[in-house]
Amino acid sequence: MESEGVRGPLNSIKIRDKELRKWQDSYCAMAGVYLCCFDASFEKVLDFSGNPLEIATIKKAVPDVHIRNILQRVTESDLEDQAVERTLVPNIKVAAVAPKVDGQVTLVWLICAVLKDAEYEPELYDEAPVEGFSLQTTEKKFYHSLDFLSMTSLALAKAYRSQNEAAASTAENFKRSEDFRLSFRRAEIMTEIVSMLDSDDEIEAVMEQILRKICEYVDISNAFICRMHTEDDLMDIVVEWTANGIYKIYEDTKDVDKCWFLGRTQLTAVSGSTTMNAGEKEELEDLGIYAVVSIPIVIAEQIPFYACFAETRENKEWVVNDIKFINDSIKILQNIITKRIQRNSIASSFNSLEAVLDNVGSSIYVRCMKTDEMLFANRSLRKHFAKELQKNVLKELFEANIPPRSHSGNCEIYYEAKDRWYELYYTRIKWVDGRLVSLCALYEITEKKIYQKRIEQQAYTDFLTGLYNRLCCERDLVAYVEKAKNTNSKGMLMYLDLDDFKKINDGLGHQYGDVLLQDISTAIKSIDGVQDSCYRMGGDEFVIIVPPENYHKLDSILEGIKRAFATPWYLKDGEYYCTMSMGTVEFPTAGDTVEELIRKSDIAMYEAKKSGKNRISQYSESIDASTIRRLDMEKAMYKSVEEGCKEFVVYYQPIMDISGKTPKLVAVEALVRWKSRILGNVSPSEFISLAEYLGLINPIGEHVFKEAAIFCGKLCKKFGRDINLHVNMSVVQLMEPNVSDKLKEAIETAGIKPVQMILDVREALTMNNTERTSGAMKKISEMGVRLSLDDFGTGYSSISGLRAYKFAAVKVHESITHALGKETYASSLITSLIDLSGALSSYVCAEGVETKKQLEILKKLSVPLAQGILFDEAIPAEEFEKKYKT
């Protein structure tokens, strides 16, 4: 079932299904493809456009699982928003296009193309190529159509998004776009009505179809055609059409009283502002009519019929264009009726048709399909294409791009001699003399193309720097790789990242950071050989593509880049140096897809940064695997944090009171685990230090202590007593300005006491006793949250570290616990710590308890608390709740 409308993630974007279906049908006819639409959750919004039998074949060639896979490929990727894949049929390809606005998918298009020029190896396919499809295209046009679809979809979303920021410009562009849409829709309807000249349907059915088309276009609620009695003032209703949910004006169809606005020889238009006498107003009110247009239908100089269009919902003021459209359409209907009545009067029919077509707003010609003879050219065509008509070259100029088996449709044509764009609507009908003809209508769309070009430029340009953007980079890279393959040459992709740009941006202010990015953009795009292939990928990252034709200039291009960054940049009344790290990769030798090349250049760029920054590194297969792993972890971690840290799962290990006969659960330690959907399970020893380096430890840590506090609250309610919560806290987290506020919020949300939360900190904190950390610790202590010194026994100043802050607990490192019973120093250290902790009003907890022997020794040493796999390993929250009942 098609949805009533499509709403993207941006509240300002809304497209009605009716308009979307019309646009989709037009696009399919124009591009020669089969297109359907999905929303961001892969629910089908619109089914395929086209011939149902052909669509059934398409669906067999592209199973549902294939559709879902390609949709996931474009929606879940950060680097590509369109993809093309083979199908089970050799000459059918499937593509998906998912335009994104700020990383969010609005609509997803699935496009299937039957290729006329498909090249394939027969032994790879079980199915034979399909033939005789009404919609076909070439591979080159297929890729162009994908670009156009991606560009227009993205431009539509962005245009709606920015309408409040540029109201005047947007209003003008919208009006122009709406005018184009109405003009093309009017052209489509006129072409459809003209095609009914050859219809064999009953005349009443033809009348009703024409009334419906007119009313739906002009948005009129009611229409009817009536036949006037010659002997009295009555009339019969021949056909009547009403919009959905609208009542009929006439329930009776025979011997109906004639209305006052009928019986005239000219078109009559009546609205709320029309001057009427009391009787006329009363009659309209009785009929429930607010506005009406009446048009006489002249047959053989008589007026046997009137066509009436009435609005019964609300008052309507008629506009000239609508009345002209209605009048033109009824003239064609008049000609259809005349043809039915006078089938043997060919001359009369032709004269009537010629009069109508001479007064429509397009250039029309009619060509015999068998002999190519030009049978008719209307006044507009004779005026604008006189030379072409005289030379008989209209077919070559305008019909060359029509698919061989296509009988009706539309396409765009650029006429180079006039430097003009035209929209061609074509259909095959039987002419007045019975011959099969091609009827072609031409509309100039030069202004529309100029508008589209401006939109395309906006879609492919970075607003800040004026460079091309990521979307344009990915599109161009495909073309450059293809060119390198075809010419047996090579090019190079350079991925450039500014070193320590954040320091300049934060230190001088974002406005100077923007100035620096603009100056760098100007510098790199002035380098000979890459003037038209420089791109800003976002933030402080740039891409430079060396095209195959300029690869011989590679050395001078590299020198130009180095020279640009060896020069200081003048910012805020001073000179500043900003270096860069750059990774390079050759194509197509090292890769031939956008994703592969960008990934490899990114890896090479990271290798340059790892080697000390301010250098260039070329990708090779010998690059250390750890570099690739580190880069993969960075990207996956950024992605996970952006998505709310949901991949970071909190495990819990019990802390037991061992002072009694039976160990008793008194606390839990929250330990974070990373279950990456990209990398799988990642060890804390790998990702904790990386998170601190990337500055992501704060959001991850905040996620952990919020989740842990909620879990602690659940345990307290379940056991009916207080359970303490130990949470690891790094120095980086403690130095965050509002850490105390976030802790307070987490505690209050979970409904636990501040004293139940204990922050495990390492000895680095005691050695970094700065004013900033002291201030943070003071605020935390004032809240009632306590501190615990973690991993005691591994540092150089463990005993002295105990005096730095007031610790509620000291946790002995597992290496000391494992040495119990083996090394005498272990027992001596713990004994001293027990004595010292008493003086400091803190308690001792032994970590890493694995054996009963270690437990017995700890009991003898009067250690009150212990944790380790002897009791339990760290386990997920659900498993913990099931395992521990009291």
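Draft legend 1. Local environment of the packing of aromatic side chains. Tallying each qualifying case throughout the model produces 23 aromatic pairs. Seen in terms of ring centroids, Y217 and F325 are 4.7 Å apart; in terms of plane orientation they differ by 50°. Their pairing is tilted. With Y217 in helix α6 (residues 203-218) and F325 in helix α8 (residues 320-341), this residue pair connects regions lying 108 residues apart in the sequence. You can call Y217 buried: its relative accessible area is 14%. Note that K449 overlies the ring of W421, its terminal NZ or CZ placed 4.4 Å from the centroid.

Draft legend 2. Just a negative patch on the surface, in detail. A cluster of acidic side chains, namely D200, D201, E202 and E204, defines a negative patch on the protein surface. Here E202 lies in the loop between α5 (167-195) and α6.

Draft legend 3. Broad picture of the environment of K811. In this fold, K811 is placed in strand β34 (residues 809-812). Judged by its relative accessible area of 0%, K811 is buried. For K811 and A113, which are 698 residues apart along the polypeptide, the C-alpha to C-alpha distance reads 67 Å. Setting aside anything within four residues of it in sequence, one finds K811 in contact with I655, E669, H726, D760, S788, L789, D790, D791, F792, C845, E847 and Q867. Within the local environment of K811, its side chain forms a polar contact with the side chain of E669, the two groups lying 2.9 Å apart. One polar contact links K811 to Q867, side chain to side chain, over a distance of 2.9 Å.

Draft legend 4. The pattern of salt bridges, seen in detail. On inspection of all chains with the given rule, the structure shows 47 salt bridges. Between R382 and D358 there is a salt bridge, with the nearest N and O atoms lying 4.0 Å from each other. With R382 in helix α10 (residues 379-384) and D358 in the loop between α9 (346-357) and β16 (363-368), this pair connects stretches of sequence that are 24 residues apart. Accessibility expressed as a relative area gives 37% for R382, which makes it partly exposed. With a closest N to O distance of 2.6 Å, D372 and R367 form a salt bridge. Residue classification places D372 among the partly exposed positions, given a relative accessible area of 29%. Among the residues examined, R367 registers a relative accessible area of 5% and is labelled buried. Where salt bridges share partners, they join R367, D372, K395 and E399 into one cluster.

Draft legend 5. The packing of helix α21 (residues 697-719) against helix α23 (residues 739-750), seen in detail. The geometry of α21 relative to α23 is characterised by a closest axis approach of 8 Å and an angle of 25° between their N-to-C directions. One element, α21, and the other, α23, form an angle in the roughly parallel class. Relative to α23, the crossing made by α21 is right-handed. Along its contact with α21, which presents E702, F705, K706, A709, I710 and G713, the element α23 presents K742, L743, A746 and A750. A class-by-class count of the residues in the contact of α21 with α23 yields 6 nonpolar, 1 polar and 3 charged.

Draft legend 6. Spatial organisation of the side chain of T137. Within the fold, T137 resides in the loop between β9 (108-114) and α4 (139-161). Beyond its immediate stretch of four places on either side in the chain, T137 contacts A31, G32, V33, A113, V114, L115, K116, D117 and F142.

Draft legend 7. Just the side chain of S617, in detail. Here S617 shows up in strand β27 (residues 616-618). Residue S617 is classed as buried on the basis of its relative accessible area of 13%. When sequence neighbours within four positions are dropped, the list of residues in contact with S617 reads M582, G583, T584, A604, E607 and A608.

Draft legend 8. Inspection of the pairing of strand β21 (residues 491-498) at higher detail. Counted residue by residue, β21 has 8 buried out of 8 residues, so it is predominantly covered. Alternating positions in β21 separate into two faces, G491, L493, Y495 and D497 on one and M492, M494, L496 and L498 on the other, with burial throughout. Relative to strand β26 (residues 580-587), β21 runs antiparallel, the two sharing 8 bridges. Bridging from a neighbouring strand, L493 pairs with V585 of β26. With 6 bridges connecting them, β21 and strand β23 (residues 541-546) associate as antiparallel partners. In the strand pairing of β23, L493 is matched with I545.

Draft legend 9. Inspection of the packing of helix α15 (residues 501-508) against helix α16 (residues 510-524) at higher detail. Running from N to C, α15 and α16 cross one another at 135°; their axes reach a closest spacing of 6 Å. For the element pair α15 / α16, the angle class is oblique. Residues F501, I504, N505, D506 and L508 of α15 touch α16, and the partners they reach there are H510, Q511, Y512, G513, L516 and L517. Per-class residue counts for the contact of α15 with α16 are 6 nonpolar, 4 polar and 1 charged.

Draft legend 10. Local environment of helix α14 (residues 470-486). Taking 1.5 Å per residue as the helical rise, α14 with its 17 residues ought to reach 24 Å, and the 24 Å between its terminal C-alpha atoms agrees with that figure. For α14, the full list of buried residues reads L471, C472, C473, E474, D476, L477, Y480, V481 and A484. Residue N469 occupies the N-cap position of α14, its side-chain oxygen lying 3.3 Å from the main-chain nitrogen of L471. Following α14 by one or two positions, N488 adopts a phi angle in the positive range, close to 55°.

Draft legend 11. Highlighting unusual backbone geometry. A cis amide bond, omega 5°, links F587 with the succeeding residue P588. Relative to the assigned elements, P588 resides in the loop between β26 and α18 (594-610). One non-glycine residue, D372, adopts positive backbone phi at about 65°. You can see D372 is positioned in the loop between β16 and β17 (374-377). Here the phi dihedral of S862 falls at roughly 65°; this positive angle occurs in a residue that is not glycine. For S862, the position within the fold is in the loop between α29 (852-860) and β36 (865-866). Judged by relative accessible area, which is 51%, S862 ranks as exposed.

Draft legend 12. Seen up close, the sheet that holds strand β15 (residues 302-311). One open sheet holds the 6 strands; their spatial order is β12-β11-β10-β15-β14-β13, and the pairing between them is antiparallel. Whereas interior strands pair on both sides, the edge strands pair on one side only; in this sheet they are β12 (256-257) and β13 (268-270). Bridge count between strand β10 (residues 222-228) and β15: 6 bridges; the pairing is antiparallel. Residue F224 lies in a different strand from β15, and its bridge partner there is C308. The sheet strands contacting α6 are β10, β11 (234-242) and β15, and the helix crosses β11 at an angle near 60°.

Draft legend 13. Inspection of the sheet that holds strand β3 (residues 34-38) at higher detail. In space, the 5 strands of this open sheet follow the order β4-β3-β9-β6-β5, with antiparallel pairing throughout. The open sheet has two free edges, formed respectively by β4 (44-46) and β5 (82-86), since each of these has just one partner strand. Strand after strand, the sheet turns through a mean of 25° between neighbouring axes, direction not considered. Relative to strand β6 (residues 92-97), β5 runs antiparallel, the two sharing 5 bridges. Bridging across to β6, Q82 finds its partner in V97. Each of β3, β4, β6 and β9 is contacted by helix α2 (residues 52-61), which is oriented at about 65° to β3, the strand it contacts most.

Draft legend 14. Structural context of the pairing of strand β22 (residues 534-538). The element β22 is largely enclosed, with a buried count of 4 among its 5 residues. Relative to β23, β22 runs antiparallel, the two being bridged by 4 bridges. Each residue of the ladder has a partner; that of G538, found in β23, is E541. Two successive antiparallel strands, β22 and β23, enclose a turn made up of 2 residues, where G539 displays a positive phi of approximately 60°.

Draft legend 15. How the structure looks around the state of the cysteines. Counting across every chain of the model gives 0 disulfides. In this structure C845 is a free cysteine whose sulfur lies 15 Å from that of C712, the closest cysteine sulfur available.

The rules behind each value
- Residues numbered from 1 in each chain as written.
- Predicted model: local features only at pLDDT ≥ 70, side-chain atom pairs only at ≥ 80, totals over all residues.
- Heavy atoms only, no water.
- Phe/Tyr/Trp six-rings, centres within 6.5 Å; stacked < 30°, edge-to-face > 60°.
- Helix = DSSP H or I, 4+ residues; strand = E, 2+ residues; numbered from the N terminus.
- Buried < 20%, exposed > 50% of the residue type's maximum accessible area, 1.4 Å probe, protein only.
- Lys NZ or Arg CZ within 6 Å of the ring centre and 35° of its normal.
- Patch = residues over 30% accessible without salt bridge, like charges linked within 9 Å, V, L, I, M, F, W, Y side chains within 5 Å.
- Areas by Shrake-Rupley, 256 points an atom, 1.4 Å probe, with all protein chains shown as cover.
- Salt bridge = Lys/Arg side-chain N within 4 Å of Asp/Glu carboxyl O.
- Lys, Arg positive; Asp, Glu negative; His and termini not counted.
- Charge placed at Lys NZ, Arg CZ, Asp CG, Glu CD.
- Contact = heavy atoms within 4.5 Å.
- Polar contact = N/O pair within 3.5 Å; in protein donor to acceptor, adjacent residues only side chain to side chain.
- Axes fitted to C-alpha atoms, helices over the stretch in contact; angles between N-to-C directions.
- Parallel < 35°, antiparallel > 145°, perpendicular 65-115°, else oblique.
- Left-handed = near helix turned anticlockwise from the far one by under 90°.
- Nonpolar A, V, L, I, M, F, W, Y, C, P; charged D, E, K, R; others polar.
- Pairing = 2+ DSSP bridges.
- Expected span 1.5 Å × (residues − 1).
- Disulfide = S-S within 2.5 Å.

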